[in-house]
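Below are the chains, spelled out letter by letter.
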Amino acid sequence: MVHQIVEYLRNADPLIQMSAAAIVLTLLGIIFALTYYKKWRWLWREWITTVDHKKIGIMYLICALLMLFRGGVDALLMRTQLAFPNMNFLDSQHYNEIFSTHGTIMILFVAMPLIFAMMNIVVPLQIGARDVAFPFLNAVSFWLFFFGALLFNLSFVLGGSPDAGWVSYPPLAELSHSPGPGINYYVLSLQISGIGSIATGINFIVTILKMRAPGMTLMKMPLFAWSVLASCIVIIFAFPPLTVALALLGLDRIFGTHFFTMLHGGNPMMYVNLFWIWGHPEVYIAILPVYGILSEIVSTFSKKYIFGYKSMVASLMLISVISYFVWVHHFFTMGAGPGVNSFFAVASMAVGIPTGVKVFNWLFTMFRGRIRVTLPMLWALAFIPCFVIGGATGITLASAPSDYQLHNSYFVIAHFHQTLIGGAVFGLLAGMYYWWPKMFGFKLNETLGKWAFWFFNIGFYVCFMPQYALGFMGMTRRVYTYPAETGWGSLNFISTVGAYLMGIGFLFIVVQVLYSIRYGERDTTGDPWDGRTLEWSLPSPAPHYNFAQIPTINGRDAWWEMKQQRKAGSLVSENELKPIHMPNRTPLPFLMSLAFFVSGFGLVFNQFTIATVGLIGVIVCMLWRSLEDDRGYYLSVDEIKQTEASVRGA
Amino acid sequence: MEATEKTISDQKPQEHGMEEEEKYVLGFWLFLASDLVLFASLFATYLVLRTHTDGGPTEAQLFEIPVFMLETFLLLTSSYTCGLAMHALKNGHARRLIGWIAVTVLLGLAFVGIEINEFITYSSEGATMQRSAFLSAFYALVGTHGLHVSLGIVWLISVAIQLMRKSIQPTTARKFINAGLYWHFLDVVWVMIFTVVYLMGVMG
Ligand code: HEM
Ligand SMILES: [Cu+2]
């Protein structure tokens, strides 16, 4: 293994050698800084061993933004290569690696953790709970995600990146066609983070169903919590097929079986089916919580109750069911026959109906509302038209005959970027701006945020609108260059300009965060937006136990109603404080995920001893957890009083 | 935070007790639902690939009726003894509960032993996992179930140890209820394997 890695690095492109050096230097820098400022203990006690959902959420957010940077650099490299015909910036192998890691990272290590960040930070606060149902498991999920992402990124410097696309279809992804360790990295890192995702799904369903504050019936629950429930239901049913697809692909590659090979009776299409039985629901896992975020933001900044609450709930649930019956639209061209293709075409188009309901409800909520165009609202406003176009192009693709023309063309690229950037990313950025004060206690600077917004938005359209046309002109996806005679040059150049505009937008966000850490407006009230749901009833950032007293809920938009009652002077006096039960911090989630990582790393290089050692580590951690008697501890009333006095500034 | 950590003593547990245990039970049901989809995916793969024998051994040539009948008998019986353990739990008989768990574990071990033996026999006849797509799918499906059973055995043993140490309490009771649920679930999956893999296999 060591030999393989050294060989790889010696023969690698200077670009990769330089990156390897840069990574080592950064690591040394971080280690030095932590030692110099004596922060190791702090890191260990406050973050690595924490089980607090708010801190876990922040760690998800940080990792997601770092990964967004990496995925973004990948994107700019690709767009640079495509800017002109016959470019020689990247060779074909590099191009293959870069689009593969770009796609995988953006979906699994950016979109997913951003969703998990919002869920973790907001859901317990919104439903009046002190933590999630299983805080220990929640930490396990995070660390599995973390080590999964780490393993995936290691491939770049240790042995070679995966290069068979983010879908890694066999036979291309089989050992016969991709002999290096790249695809093994893909299989194992997705497997490790996937286990964490299933655990998160279970955790949040139980949290939402069992831990709502008294009086908060399901139909009084904020829509974001509903959307997370819908998304988590999709997670627990959609991820197992991915687990199986990856496991079988891994068996083919590591143990020489024949599930998806071309020889000995294997059937590659079986992988494609399993992959998309997860893959399509996956895009809804990413977008459903965004619908929830939109509903919160639109309602808050229009100062109105959301229009059509019940139809919002119904459409969320409907989408989560339908999203399960459309997967074949990703390979109509497999030729399953008119009957099958028609079924999946109609089912795909049907998704548009509940989605349309949501869009109209947002519009009706804004209608005659008192709209405040703050940063979160700005991104929400940009989301709506962008996502509608994305949906419309989706319907175009869902019609099987037209998909025969458009499949694997740049039209598809434009479609899913429109839904994933214009949908998921815009919505998640809106959510990040909205809840940022709750997470960190200060607002992000508006002016810098507006610059970021306009660069990103204009950049988005400049980048992706030309790609629809390129698709019609016959440009296929995953080509690393093209001759001048195709006539694709000018549109590609425009597209690249747009990509760089988005890159500038991202830089503005970075500057905005750094600037605001020092100069951002502090949030002393805990309710900077005049919010409507329970999280805004707490100080920013919320104390580690969240609620000193669990509130009793009488209606939707509970905090809004409490504020109205308080104004009317009719708010009932509060009960006495009681000791609060808290979970202990623990190193086990970190250690267990580390063991998973070791095991995965061993398997990547067919080193079964290392793999077994890792697995034994996992089992030891599980048994340790099962046998230890960890009942948490109690916060006394005095401690609660002290904390409340200091965070509420009273 | 160390300073604030207190032992659970006279303070009235606020969020502990039945409510806490209910969360675990719901969570576990959700896990089982998810696991069921995992098996469904493996079943689908098996059904697609079962005829892809590539000129190698077929189901009818491979499967021996007495062997898989015995496996079925052992696992079904273990489900029954697991049920008896549950009964003992309801009646609060800790020792009987541990006894029935022990019987269940022994039956489970016998099942796994015979399955391993079955796999070794097939492999020695040249029917390895690498021989054909059918065999890959067979070992993947049946082997995944076998792995689950082995995990279930480890889990039951760990629950039994805790029962010996702490007797019946809300936590240990819940742990046993979940482990038992898991065990019955694996039995149901086995019935499907029995039908789809073995019976359909020998009937051709
Ligand atoms: C009305 C709603 C939608 C419809 C009808 C729809 C339809 C489709 C169809 C038919 C394809 C396959 C095109 C082809 O490969 O030939 C596709 C691709 C894709 N869609 Fe959508 N879509 C919708 C919404 C979304 C949303 C909300 C997202 C994400 C948040 C999304 C993400 C994707 C992705 C990532 C791909 C490309 C996958 C790949 O081949 O790599 N779509 N969509
Ligand atoms: Cu789809």
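Residues numbered from 1 in each chain as written. Chains lettered and ligands numbered in written order. Predicted model: local features only at pLDDT ≥ 70, side-chain atom pairs only at ≥ 80, totals over all residues.

1. Some thoughts on the overall build of chain B
Along chain B, the regular secondary structure elements total 6 helices and 0 strands. For chain B, the succession of helices and strands along the chain, N to C, is α-α-α-α-α-α. Based on the C-alpha atoms only, the size of chain B along its principal axes is roughly 70 × 35 × 25 Å. Here chain B holds 204 residues, and 36% of them are scored as buried. Taking the contacts inside chain B whose residues are at least 6 apart along the sequence as the reference set, 82% of them involve residues at least 24 apart. (Helix = DSSP H or I, 4+ residues; strand = E, 2+ residues; numbered from the N terminus. Buried ≥ 20, exposed ≤ 12 C-beta atoms within 10 Å, placed from the backbone. Contact = placed C-beta atoms within 7 Å.)

2. Some remarks on the site of ligand 1
All names here are of chain A. Inspection of the region around ligand 1 gives 25 residues, with Val-283, Gly-394, His-407, Phe-416 and Thr-419 positioned closest. Counting only elements with at least two residues in the shell around ligand 1, the list comes to helix H9 (268-302), helix H12 (352-366), helix H13 (375-398), helix H14 (400-406) and helix H15 (410-440). By residue class, the composition of the shell around ligand 1 is 13 nonpolar, 11 polar and 1 charged. (Near = placed C-beta within 6 Å. Nonpolar A, V, L, I, M, F, W, Y, C, P; charged D, E, K, R; others polar.)

3. Concerning the interface of chain B and chain A
If you look at the interface, chain B gives 37 residues, while chain A gives 39 residues. Looking at the side of chain B that touches chain A, the elements that each hand over two or more residues are helix H1 (18-49) and helix H5 (133-166) of chain B. In terms of residues, the side of chain B that touches chain A owes the most to one element, H1 of chain B, which gives 15 residues. For the side of chain B that touches chain A, the per-class residue count stands at 16 nonpolar, 15 polar and 6 charged.

4. Focus on unusual backbone geometry
Generally, phi is negative for residues other than glycine and the peptide bonds are trans, each holding for most cases. Residues and elements named next belong to chain A. Residue Pro-171 follows Pro-170 across a cis peptide bond; omega there is 0°. With an omega of -15°, the peptide bond between Ser-540 and Pro-541 qualifies as cis. The topology assignment puts Pro-541 in the loop between helix H17 (489-519) and helix H18 (558-568). Of note in this structure, Lys-38 is not a glycine but carries a positive phi near 55°.

5. Some thoughts on the packing of helix H4 (residues 53-82) of chain A against helix H6 (residues 135-154) of chain A
All names here are of chain A. Two elements in contact, H4 and H6, have axes whose closest approach is 10 Å; the angle formed by their N-to-C orientations is 15°. As judged from the angle between their axes, H4 and H6 are roughly parallel. Along this stretch, H4 crosses H6, giving a crossing that reads as left-handed. The residues of H6 that touch H4, namely those facing His-53, Ile-56, Met-59, Tyr-60, Cys-63 and Met-67, are Pro-135, Asn-138, Ala-139, Phe-142, Phe-146 and Ala-149. For the contact of H4 with H6, the residue count by class is 10 nonpolar, 2 polar and no charged. (Axes fitted to C-alpha atoms, helices over the stretch in contact; angles between N-to-C directions. Parallel < 35°, antiparallel > 145°, perpendicular 65-115°, else oblique. Left-handed = near helix turned anticlockwise from the far one by under 90°.)

6. Some details on the packing of helix H5 (residues 92-126) of chain A against H9 of chain A
Residues and elements named next belong to chain A. Packing of H5 against H9 brings their axes to within 10 Å, and their N-to-C directions diverge by 35°. For H5 against H9, the interelement crossing comes out left-handed. Residues Ile-107, Ala-111, Ile-115, Met-118 and Met-119 of H5 form the contact with H9, whose own contacting residues are Glu-282, Ala-286, Pro-289 and Ile-293.

7. Digging into the environment of Met-366 of chain A
All names here are of chain A. Mapped onto the secondary structure, Met-366 falls in helix H12. Residues Met-366 and Ile-458, spaced 92 residues apart in sequence, show a C-alpha to C-alpha distance of 24 Å. When neighbours within four sequence positions are excluded, Met-366 is seen to be in contact with Val-298, Ser-302 and Ile-371.

8. Thoughts on the environment of Met-312 of chain A
As for its placement among the helices and strands, Met-312 of chain A is situated in helix H10 (residues 309-322). Leave out the neighbours within four places in its chain, and Met-312 of chain A touches Leu-223, Ser-295, Ile-306, Lys-358 and Asn-361 of chain A.

9. Let's talk about the UniProt feature "transmembrane region" (unreviewed entry) in chain B
Residue and element names in this part refer to chain B. Within this numbering scheme, the UniProt entry marks residues 24-47, 67-85, 97-116, 136-161 and 181-201 as carrying the feature "transmembrane region" (unreviewed entry). Taken end to end, residues 136-161 has its terminal C-alpha atoms 37 Å apart, with 100% of it in helix and 0% in strand. Split by type, residues 181-201 is 100% helix and 0% strand. Its first and last C-alpha atoms lie 29 Å apart. (UniProt positions renumbered as here; feature names shortened; annotations may be inferred.)

10. Some thoughts on the UniProt feature "domain: Cytochrome oxidase subunit I profile" (unreviewed entry) in chain A
As recorded in UniProt, the sites labelled "domain: Cytochrome oxidase subunit I profile" (unreviewed entry) are residues 38-554 of chain A. The distance from the first to the last C-alpha atom of residues 38-554 of chain A is 48 Å, and the span holds 68% helix and 0% strand.

11. Remarks on the confidence of the model for chain B
Residue and element names in this part refer to chain B. In this model, chain B carries an average pLDDT of 90, and 91% of its residues clear a pLDDT of 70 or more. Here helix H2 (residues 59-62) is the element of chain B with the lowest mean pLDDT, 92, and helix H4 (residues 94-124) is the one with the highest, 96. Here residues 1-16 scores under 50 on pLDDT; set against residues more than four positions off or in separate chains, the count is 18 contacts. Listed scores for the predicted complex are pTM 0.93 and ipTM 0.93. (pLDDT = per-residue confidence, 0-100.)

12. Considering H17 of chain A
Each turn of an α-helix holds 3.6 residues, which means side chains three or four residues apart point in the same direction. All names here are of chain A. Under the 1.5 Å per step criterion, the end-to-end length of H17 is 44 Å for 31 residues, consistent within 8% with the ideal 45 Å. Regarding H17, the residues found buried are Asn-492, Ser-495, Thr-496, Gly-498, Ala-499, Met-502, Gly-505, Phe-508, Ile-509 and Gln-512. Close packing links the buried residues of H17 with H4 and helix H16 (446-472). (Expected span 1.5 Å × (residues − 1).)

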